Amino acid sequence: MKNKLCEQYDITKKCAFCEYASKTLDEEKMLCKKKGVVHSDYHCRAFRYDLMKRVPKRLPSLPK
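Presented here is an overview of the structure given in this document. Per chain, residues are indexed from 1 in the order of the written sequence. Side-chain atom pairs in this predicted model are given and counted only at pLDDT of 80 or more, local residue features only at pLDDT of at least 70, and totals for whole chains, interfaces and linings cover all residues. As a rule here, side-chain values cover all heavy atoms of the structure and leave hydrogens and water aside.

Side note on the pairing of strand β2 (residues 29-32)
Stated precisely, the cut-off is as follows: Buried residues are those whose accessible area, probed at 1.4 Å on protein chains only, stays under 20% of the maximum for their type, while exposed residues exceed 50% and partly exposed ones sit between those limits. Secondary structure elements follow DSSP: runs of H or I of four or more residues count as helices, runs of E of two or more count as strands, with numbering from the N terminus. Following DSSP output, two strands are said to pair if at least two bridges run between them.
Burial along β2 is one-sided: the residues Met-30 and Cys-32 are buried and none of Lys-29 and Leu-31 is. With 3 bridges joining them, strand β1 (residues 21-23) and β2 adopt antiparallel strand pairing. Across the sheet, Ser-22 pairs through a bridge with Leu-31, a residue of β2. With antiparallel pairing between neighbouring strands as the criterion, β1 and β2 make up a hairpin whose turn holds 5 residues.

Some thoughts on the side chain of Ser-40
What counts here: The contact rule is simple, with two residues in contact once any of their heavy atoms fall within 4.5 Å.
Looking at the secondary structure, you find Ser-40 in the segment after β3 (36-39). In this structure Ser-40 comes out as buried when scored by relative accessible area, which is 13%. Not counting residues within four places of it along the chain, the set of residues in contact with Ser-40 comprises Lys-14, Cys-15, Ala-16, Glu-27, Glu-28 and Met-30.

Considering the environment of His-43
Within the secondary structure, His-43 sits in the segment after β3. Separated by 29 residues in sequence, His-43 and Lys-14 place their C-alpha atoms 4.8 Å apart.

Listed below in structure tokens is the structure:
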């Protein structure tokens, strides 16, 4: 079901949104449980989308 969300809402697959990855001190690197240290834009076959890691875009302000 989570993979269908990626396709439905056109969310790019990258380690920054994967449930197996966690942040490191370097903002561009992620620590993956499957692959080790990888770049945040990388993704592998084990990618599983995690809803809680994505920061939604802010809505535009309403005109007065």
